[in-house]
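Listed below are the residues making up each chain.
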Amino acid sequence: MSVPGVPNLPAQPRPGLRPDPDWFRTAVFYEALLRSFADSNGDGVGDFRGLASRLDYLAWLGVDAIWIPPFYPSPMRDGGYDIADYTGVDPRYGTMDDFRALVTQAHERGIRVVIDMVLNHTSDAHPWFQASRRDPDGPYGDFYVWADDDSSYADARIIFVDTERSNWAFDELRGQYYWHRFFSHQPDLNYDNPEVVDAVHEVVRFWARTGVDGFRLDAIPYLVEREGTNCENLPGTHHLIAGLREMLDREFPGTITIAEANQWPQDVVAYFGTPQAPECTMCFHFPVMPRIFSSLREGEATAIREVLQATPPIPPHGQWGTFLRNHDELTLEMVTEAERERMYHWYAPQARMRANVGIRRRLAPLLGDSRAELELAHVLLLSLPGSPCLYYGDEIGMGENIWLPDRDAVRTPMQWDHSANMGFSACADPAELTLPLISAVDYAERCVADALEEPESLLHFLKDVLRVRREHPVLGRGDFHLRPASDAAVLAHTRADTPPGGDASETNDGETLLCLANLANRPCEAVVEVPELAGCSTHTVLAADSATASPAIDARGRLTAALPAHGYRWLRVSPGEGL
Ligand code: GLC
């Protein structure tokens, strides 16, 4: 398949999917916002065929799995997270056949497909809600959370503070209030009703049958409500997720689930469940994300270090999902008030840059388009525990448009080349585009085609780092250990296939990597302590300054590393002479 406007990409030696039940541990995910990715039919809206036509690009980049946000019929008042029909596809994106073809074509290239599943709520346009309003005694009367007044569950916080004043809204037709954790047009399903549980399992089965490899479970902490609680992470909610997982394991083994649970480390960990009652395969690590950004401005690794220290171990079946940005605001819910204020000060100096409890900006402008910081942020992302998820466009340093409402600021059309509409849509009138293209000076002309031609581009950097990561699967599946470093600017950690104290063998299977990152905007020299690796030699597999020799670990287990400002280094540890 050729990509118009984009130079020919080298063929990828990735014929089909590897049969690997643990694929998600070493996978790199890529969130492809369907409506803004590639428009195949010129109506100004990205679609399945458009995304399919760019799969070669994603394979070239080194993406192992795409996550596609909701594509179901929807009034689109919340980017499609307001679903009006769980088992259809919105005609703007194509047909069910197009979706199936996309899955097949992705699989042919060794790329897995994860789709979004919104279980907490539907759109108020969903027929279940319309029936529930009309006929309280009918089959859907009890599908939502209804009450005669708005006094219950008063301890539940409001999530969309910019638009909502209450988690209850009054429905004139039924003459009752309904519960909603997000927008008032998104009524919450009533999971105390077993028929809702059955209906939702049927929906998940429907999509699992299409051959998708996994589901991102949207907003799962809020499924169940109980008086006197904050209505988050309740035992009933965990029971439901475990039930869903049990069904998938039985009927569609190997299908993964990824939790979107924007919670504190100890609460997120609970969404992995236990070996006896597993819940999600992966959970996004929301608390670590903002700390990557704050550490960059503090010039110290302390915040990252502390949050990882506070993160409990996860069961063997689980894997973290890490990310820098996604289609939402850069959420600041999982930081302290003081940290939040500092983040706003550093990263959202204009009020327009904020949304709800967070910052609606893209990665490159957030980091002042600093190449050193962009590299360091990605290198951290790729070496911390978990499987990384990239956000479309960030690989070319795409810009933002804070003049668009809400999170649309970071959802503008992908910039492919210099043809009409930057290659996003060949013949749509610019005014027809799902969202306007970025027009900001410095960002308007950025595109994949230019980045491909420029060997030093961020895109090529990222492709190379993804290759290095692929060559060292220990970065996906190895144990993680923080290491003391003499300079607070340095984050030092090891990823090891063998537990510390075991042999750092020569084979990939028993590999140990020592990862170093200098969060400060000044060069530094740090002594890192890795006692059980005393006497080992190191070999640099990635470095900001590859010219420098690889330091050895002395007999006392100390390694002295010099790092440039915002520098980084991944060192492969091998048994040294005399060991
Ligand atoms: C999730 C989605 C977000 C959406 C919300 C409500 O947080 O990521 O985009 O608005 O759920 O569905």
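Quick note: structure is the one above.
In short, a report on the structure. Treat the numbers as computed from the prediction; the structure is a model and nothing was measured.

What to know about the overall build of the protein
So, point 1. If you tally the helices and strands in the protein, you get 17 helices and 20 strands.
So, point 2. Compactness check: the protein gives a C-alpha radius of gyration of 24 Å against a globular reference of 25 Å for 579 residues, within 12% of the reference.
So, point 3. Summarising its shape, the C-alpha atoms of the protein cover approximately 80 × 55 × 50 Å along the three principal directions.
So, point 4. Within the protein, buried positions represent 63% of all 579 residues.
So, point 5. On the protein, roughly 21,100 Å² of surface is accessible, and the fraction owed to carbon and sulfur atoms is 51%.
So, point 6. A distance of 3 Å separates the average location of the 50 positive side-chain charges in the protein from that of its 85 negative side-chain charges.

Details of the pairing of strand 6 (residues 176–179)
So, point 1. Pairing between strand 4 (residues 146–147) and strand 6: two bridges, direction antiparallel. Each residue of the ladder has a partner; that of Ala147, found in strand 6, is Tyr177.
So, point 2. In the sheet, strand 5 (residues 168–171) pairs with strand 6 via four bridges, with the strands oriented antiparallel. Directly across from Trp168, in strand 6, lies its bridge partner Trp179.
So, point 3. Connecting strand 5 to the antiparallel partner strand 6 that follows it, the hairpin turn spans four residues, and Gly175 within it adopts a positive phi of roughly 70°.

Regarding helix 10 (residues 288–298)
Each turn of an α-helix holds 3.6 residues, which means side chains three or four residues apart point in the same direction.
So, point 1. Most of helix 10 is tucked away, with nine of its eleven residues classed as buried.
So, point 2. Among the residues of helix 10, Val288, Met289, Pro290, Arg291, Ile292, Phe293, Ser294, Ser295 and Leu296 are the ones counted as buried.
So, point 3. Close packing links the buried residues of helix 10 with helix 11 (302–309), strand 10 (319–323), strand 11 (330–331), helix 12 (337–347), helix 13 (363–366) and helix 14 (371–383).
So, point 4. Positive phi shows up at Gly299, right after helix 10, with a value of about 70°.

Some thoughts on the site of the ligand
So, point 1. As a structural note, the neighbourhood of the ligand is formed by 13 residues, with Asp78, His121, Asp218, Glu260 and Asp328 the closest of them.
So, point 2. Between the ligand and Asp78 there is a distance of 2.7 Å, counted from an oxygen atom to a side-chain nitrogen or oxygen.
So, point 3. In the environment of the ligand, an oxygen atom lies 2.8 Å from a nitrogen or oxygen atom belonging to the side chain of Glu260.
So, point 4. Each residue belonging to the shell around the ligand can be placed in one class, and the counts come to three nonpolar, three polar and seven charged.

Comments concerning the sheet that holds strand 4
Backbone hydrogen bonds hold the strands of a sheet together, and the pairing may be parallel or antiparallel.
So, point 1. Read across the open sheet, the three strands follow the order 4-6-5; overall the sheet is antiparallel. Two strands lie at the open edges of the sheet, namely strand 4 and strand 5, each paired on one side alone.

What to know about the sheet that holds strand 15 (residues 490–496)
So, point 1. The sheet built from five strands is open, its strands ordered 14-15-16-20-18 with antiparallel pairing. The sheet is open, and its two borders are formed by strand 14 (479–483) and strand 18 (537–543), each paired with just one other strand. Sheet twist, expressed as the average angle between the axes of neighbouring strands with direction ignored, equals 25°.
So, point 2. With five bridges connecting them, strand 14 and strand 15 associate as antiparallel partners. Pairing of His481 across the sheet is with Thr494, part of strand 15.
So, point 3. Contacts between helix 11 and the sheet are confined to strand 14 and strand 15, with strand 14 contributing the most and set at about 135° to the helix.
So, point 4. Across the sheet, helix 14 is in contact with strand 15, strand 16 (512–518), strand 18 and strand 20 (568–574); its angle to strand 20 comes to roughly 35°.

As for the nonpolar core
So, point 1. The biggest cluster of nonpolar side chains holds 155 residues, and the ones touching the most others in it are Phe29, Tyr30 and Phe71.
So, point 2. Residues within four places of Phe71 in sequence aside, it is in contact with Leu34, Phe48, Gly88, Val89, Asp90, Tyr93, Phe99, Ile115 and Trp207.
So, point 3. Within the second largest apolar cluster, 16 residues are counted, among which are Val490, Leu533, Cys536 and Val573.

Reading guide: rules and limits
Residues numbered from 1 in each chain as written. Predicted model: local features only at pLDDT ≥ 70, side-chain atom pairs only at ≥ 80, totals over all residues. Heavy atoms only, no water. Helix = DSSP H or I, 4+ residues; strand = E, 2+ residues; numbered from the N terminus. Rg over C-alpha atoms; globule rule 2.2 N^0.38 Å. Buried < 20%, exposed > 50% of the residue type's maximum accessible area, 1.4 Å probe, protein only. Areas by Shrake-Rupley, 256 points an atom, 1.4 Å probe, with all protein chains shown as cover. Lys, Arg positive; Asp, Glu negative; His and termini not counted. Charge placed at Lys NZ, Arg CZ, Asp CG, Glu CD. Pairing = 2+ DSSP bridges. Contact = heavy atoms within 4.5 Å. Near = heavy atom within 4 Å. Polar contact = N/O pair within 3.5 Å; in protein donor to acceptor, adjacent residues only side chain to side chain. Nonpolar A, V, L, I, M, F, W, Y, C, P; charged D, E, K, R; others polar. Axes fitted to C-alpha atoms, helices over the stretch in contact; angles between N-to-C directions. Core = buried A, V, L, I, M, F, W, Y, C linked by side-chain atoms within 4.5 Å.

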